[in-house]
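Residues per chain, in single letters:
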Amino acid sequence: MSKTAHIATFGCQMNAYDSERMAGLLAKMGYARAQGPDTADLIILNTCSVRQRAEQKVYSYVGELKRLKAANPDLIIGVGGCVAQQEGASLLKRLRHLDFVFGTGALERLPELVSQAAEGYRMADTGLDAAPSPEIIVPARPGLKALVTVMTGCDNFCSYCVVPHVRGRERSRPADQVLAEVSALSRAGVREVTLLGQNVNSYQDPDSGLDFAGLLERVNQLPELWRIRFTTSHPKDLGPRLMEALAGLDKVMEQLHLPAQSGSDRVLQAMNRGYTRAQYLERVAELRALLPGLALGGDIIAGFPGESEDEFNETLSLLAEVRYDFLYSFMYSDRPFTRAGRLSGKLSEEAKRERLVRLQALQREIGLEEHGAQVGRVVEVLVEGPAKKGEGLMSGRCRAGRAVNFPGPPELAGRLARVRITEGREHSLLGELESAGEVKKP
Ligand code: SAH
Ligand code: SF4
Ligand code: F3S
C-alpha cells in the first residue's frame, strides 16, 4: 500500500498555494493524499502567525497530534510555514513529538527533511530568502479555480506586521514561469486564476523588468483561461498602469482588494503605511471613475496601539465613504519582531473588541445595501456546483467576486451563466438563470 500524507493548512492564500506545492513534492516521493490526519503516515502543518489567535490554533492542533504519535511511533510530523519560520528549532525543543520544522524558505527541501525524519533525525531548516523555485506544479486534480504566487516576501514593514519577518524580502517570479504555470493549469481545466503576492503592485520580472500590469496583459492572452483575479494591492503603489489594466483587460475581473487598515492619518503613519486618508480616497475615486462596476474589498485593524476614540471614528467614516463590498476586520494583535509591539498605549481586549463590533455592524449595513443595489442586474456567474445550502440551487461567483446562488441544472457546473439578481443578502446574492453565457465588462 502506498504511503499517505495529510497537509493541514492555516493562514492566507499564499499558504494554500504553498500547500499545493508541498503536495506536489510529496506526490513525487510516493505519498498519496490521506483521507485525514488519523490515517496518515505523514502530517504536515502549514502554519500562520499573522495574529496571535492564528498561532494559538497551530499549537492546539499540534497538541492533538500527540495521541496519534503515541499510537503510531512511525508517524512523521513536520511543521512548516510562518510559525515554523518564526520559532525555528525551539519548536522541536518544546514539542517532543515533532519530527522536523521547515520555514517558508525551506519549502523545496521538504523531501530531504522527510527522508531524514524517516531515518530518525530531528531537524529545523529555517534558511530564509530562497528564490522562488522555478518548478511548475499542477495539482493532480485541479478544480475550476487555482492560485498562483507571482511574488514572495514583503519589503513594506508595516509596523504591526510579522509577514516581512517570516517571509523575507520581496522576490518576483519570472513572467515566463508564471505564464507557463497558468497556461499548464488552464490546459488542465482551470478557468479562473488568482495571482498572489503581499504587494502585487511592486511585481517586477527579474529578467525583463515587466511590471504587474504587463504581466496581467500577458496572462489575459491565454486562450483557455476565462478569469483573472489578483491580491493584494498596496494602496501606496497602486498607479495608473494597473488601474488601466484592471479597467481594460477583458479577463481581469471587476474586483480589487485594497486594504486601508485605518482612516486616521496619525494611525496610518504609525502603521508605516505610506499613504494618507486623502490619498487613499483619491485612488478609490479614480478607480470608481474608471470602472463603475468595481467591487472593493478592504482590511481594517481595530485598536492599534494609541488609537483614540476620534481616530477610530475616522475609520468608521472611511468605511462609510468607501463603501466596501467585503471587509476583513481584525483586532490589533501584538506580533514578535514588530515595532508596534513595542509601542505604548495598548488597548485592552475589551476595548478592541468593542471597536471591532462597531466596525462590523456598520459594514453589515453597507454590505447589505450594496448587495441590495444589485437586484435587477444581470451578472455573469462562473458556476462551481450545487450550493451548500438550498435544494436545487447552483452556486458560483460573479465577475465582481460576489457569491451568487440560483435555481439551475447541475450540468451548468464549470460553465458561465447569465443570472438576473432577485435578492441581496449579507454574504451572497440570489438570482434566476437567464441563459448560459458571458456578460461583457461594464
Ligand atoms: N499584504 C497584505 C496583507 C497581509 S496580512 C496587505 O498588505 O494588505 C492580512 C491582514 O492581516 C492585513 O491586511 C492586516 O489587516 C491584518 N494584520 C496583519 N498584522 C496584524 C496584526 N498584528 N494584528 C491585527 N491584524 C493584522
Ligand atoms: Fe504586512 Fe504590510 Fe507587507 Fe501587507 S504590506 S504583508 S500588511 S508588511
Ligand atoms: Fe499568515 Fe504567513 Fe500568510 S503569517 S497570513 S500564512 S504570509
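Below, the structure is looked at part by part. Keep in mind that this is a model prediction, so the values were computed, not measured.

We now examine the pattern of salt bridges. Across all of its chains, the model carries 37 salt bridges by this definition. We note a salt bridge from Arg 109 to Asp 125, for which the minimum N-O separation is 2.5 Å. Separated by 16 residues along the polypeptide, Arg 109 in the loop between strand S5 (100-102) and helix H6 (110-118) and Asp 125 in strand S6 (residues 123-125) bring together distant segments of the chain. Relative accessible area serves as the criterion here: at 29%, Arg 109 is assigned to the partly exposed category. One continuous salt-bridge network, built from bridges that share partners, spans Glu 192, Arg 227, Arg 229, Glu 254, Glu 380, Arg 399 and Lys 441.

Once that is clear, we can look at the pairing of strand S10 (residues 192-196). Burial analysis of S10 places 5 of its 5 residues in the buried class, which makes it a mostly covered element. Burial of S10 is two-sided: the residues Glu 192, Thr 194 and Leu 196 facing one way and the residues Val 193 and Leu 195 facing the other way are all buried. Handedness of the crossover joining S10 and strand S11 (residues 227-231) through helix H9 (residues 212-220): right-handed.

Okay, the side chain of Arg 229 next. You can see Arg 229 is positioned in strand S11. A distance of 2.9 Å separates a polar atom in the side chain of Arg 229 from a polar atom in the side chain of Glu 192. If we skip the residues at most four places from it in the chain, Arg 229 touches Glu 192, Val 193, Thr 194, Leu 195, Met 253, Gln 255, Arg 397, Cys 398, Arg 399, Ala 400 and Gly 401.

With that settled, the discussion passes to the sheet that holds S11. Spatially, S7-S10-S11 is the arrangement adopted by the 3 strands of the open sheet, whose pairing is parallel. Edge positions in the open sheet fall to strand S7 (145-149) and S11, since each of these has one partner strand only. Strand after strand, the sheet turns through a mean of 25° between neighbouring axes, direction not considered. In the sheet, S7 pairs with S10 via 5 bridges, with the strands oriented parallel. Note that in S10 the partner of Leu 147 across the bridge is Thr 194.

Tracing the backbone shows Glu 307 in the loop between strand S13 (295-302) and helix H13 (309-322). Residue classification places Glu 307 among the buried residues on the basis of a relative accessible area of 4%.

So, on to the sheet that holds strand S14 (residues 326-331). Spatially, the 3 strands line up as an open sheet ordered S12-S13-S14, and their pairing is parallel. Looking at the sheet topology across the chains shown, the edges are occupied by strand S12 (255-257) and S14. Sheet twist, expressed as the average angle between the axes of neighbouring strands with direction ignored, equals 15°. Bridge analysis of S12 against S13 gives 3 bridges, and the strand direction is parallel. When the sheet's bridge partners are listed, Leu 256 is paired in S13 with Leu 296.

Within the structure, ligand 1 sits among 15 residues, and Arg 51, Gln 198, Gln 261, Asp 299 and Ser 333 are positioned closest to it. The separation between an oxygen atom of ligand 1 and a polar side-chain atom of Arg 51 is 2.9 Å. Within the backbone of Ser 333, one N or O atom sits 2.7 Å away from a nitrogen atom of ligand 1. The protein chains hide 90% of the 540 Å² of surface that ligand 1 would expose on its own. When contributions to the shell around ligand 1 are tallied by element, the ones reaching two or more residues are S13 and S14.

On to the nonpolar core. Leu 195, Phe 212, Leu 215, Leu 216, Val 219 and Phe 230 are the most contacted members of the largest nonpolar core, which totals 56 residues. Filtering out sequence-adjacent residues up to four positions away, Phe 230 remains in contact with Thr 194, Leu 195, Val 200, Phe 212, Leu 216, Leu 242, Leu 246, Val 252 and Leu 256. Ranked by size, the runner-up nonpolar core spans 24 residues in total, among them Phe 10, Ala 34, Ala 40 and Ile 43.

Lining the immediate surroundings of ligand 2 are Cys 154, Asn 156, Phe 157, Cys 158, Tyr 160, Cys 161, Val 163, Pro 164, Gln 198, His 234 and Arg 273. Across the shell around ligand 2, the residue classes break down as 7 nonpolar, 3 polar and 1 charged.

Here we take up the packing of H13 against helix H14 (residues 349-372). What describes two packed helices is the angle between their axes and the distance between those same axes. The interhelical angle for the contact between H13 and H14, taken along N-to-C directions, is 15°, at an axis separation of 10 Å. Looking at the two axes, H13 sits roughly parallel to H14. Of the two elements, H13 crosses H14, and the hand of that crossing is right-handed. Of the residues in H14, those in contact with Glu 309, Phe 312, Asn 313, Thr 315, Leu 316, Leu 319 and Ala 320 of H13 are Arg 355, Arg 358, Leu 359, Leu 362, Gln 363 and Ile 366. Broken down by class, the residue content of the contact of H13 with H14 amounts to 7 nonpolar, 3 polar and 3 charged.

About the criteria used
- Residues numbered from 1 in each chain as written.
- Chains lettered and ligands numbered in written order.
- Predicted model: local features only at pLDDT ≥ 70, side-chain atom pairs only at ≥ 80, totals over all residues.
- Heavy atoms only, no water.
- Salt bridge = Lys/Arg side-chain N within 4 Å of Asp/Glu carboxyl O.
- Helix = DSSP H or I, 4+ residues; strand = E, 2+ residues; numbered from the N terminus.
- Buried < 20%, exposed > 50% of the residue type's maximum accessible area, 1.4 Å probe, protein only.
- Right-handed = clockwise from strand over helix to strand, strands pointing away.
- Polar contact = N/O pair within 3.5 Å; in protein donor to acceptor, adjacent residues only side chain to side chain.
- Contact = heavy atoms within 4.5 Å.
- Pairing = 2+ DSSP bridges.
- Axes fitted to C-alpha atoms, helices over the stretch in contact; angles between N-to-C directions.
- Near = heavy atom within 4 Å.
- Areas by Shrake-Rupley, 256 points an atom, 1.4 Å probe, with all protein chains shown as cover.
- Core = buried A, V, L, I, M, F, W, Y, C linked by side-chain atoms within 4.5 Å.
- Nonpolar A, V, L, I, M, F, W, Y, C, P; charged D, E, K, R; others polar.
- Parallel < 35°, antiparallel > 145°, perpendicular 65-115°, else oblique.
- Left-handed = near helix turned anticlockwise from the far one by under 90°.

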